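Results of the structural survey
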Amino acid sequence: MKKAKIIFWTATIIIALWEAVMPMSTWVFAPEYMTIGTKALGYPDYFAYALAIAKVLGVIAIVYPKTPEKLKEWAYSGLSFTLIFAFISHACVDKNIGYMMMPLAFLGILALSYYYKNKIQTIN
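Residues numbered from 1 in each chain as written. Predicted model: local features only at pLDDT ≥ 70, side-chain atom pairs only at ≥ 80, totals over all residues. Heavy atoms only, no water.

**Considering the pattern of salt bridges**
This model, assessed by the stated rule, comprises four salt bridges. Between Glu 69 and Lys 117 there is a salt bridge whose closest N-O contact spans 2.5 Å. One end of the pair, Glu 69, is in helix H4 (residues 69-92); the other, Lys 117, is in helix H5 (residues 97-123), with 48 residues separating them in the sequence. Between Glu 73 and Lys 117 there is a salt bridge; the shortest N-O distance is 3.5 Å. Pair noted here: Glu 73 is in helix H4 and Lys 117 is in helix H5, with a separation of 44 residues, a long-range link. On the accessibility criterion, Lys 117 (6% relative accessible area) is buried. Among the charged side chains, a salt-bridge network with shared partners connects Glu 69, Glu 73 and Lys 117. (Salt bridge = Lys/Arg side-chain N within 4 Å of Asp/Glu carboxyl O. Helix = DSSP H or I, 4+ residues; strand = E, 2+ residues; numbered from the N terminus. Buried < 20%, exposed > 50% of the residue type's maximum accessible area, 1.4 Å probe, protein only.)

Quick look at the structure:
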């Protein structure tokens, strides 16, 4: 049980830092860089802001213990979709293998968080 919680919280904190803290800190402390990644892929500027807000809300839903289970499921799904589509965007536009693999690595970490969330729930 303790091992499962440690793995869950480690994976979840990594996702929280990558998907919420990093975009929000960029928005607050270096807003001139907020749209660089999405603009390079051909998305409009407003997409970066909408994506950042959606990611933060998803991370809050995952991290907050009293979030209803159905909402947590949707949050995991939404974050999964953003990572899958980031991979697809990089594969289609810039074809940079490093940029393509990074979202897949974080998708794996997100899957680990999801797996251990469910494992902890079945134990309790």
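Next comes the rest of the description.
**Focus on the packing of aromatic side chains**
One pass over the structure, following the stated rule, counts seven aromatic pairs. A centroid spacing of 5.1 Å and a plane angle of 70 degrees characterise the contact between Tyr 76 and Tyr 114, whose relative ring orientation is edge-to-face. With Tyr 76 in helix H4 and Tyr 114 in helix H5, this residue pair connects regions lying 38 residues apart in the sequence. A relative accessible area of 30% means that Tyr 114 is categorised as partly exposed. (Phe/Tyr/Trp six-rings, centres within 6.5 Å; stacked < 30°, edge-to-face > 60°.)

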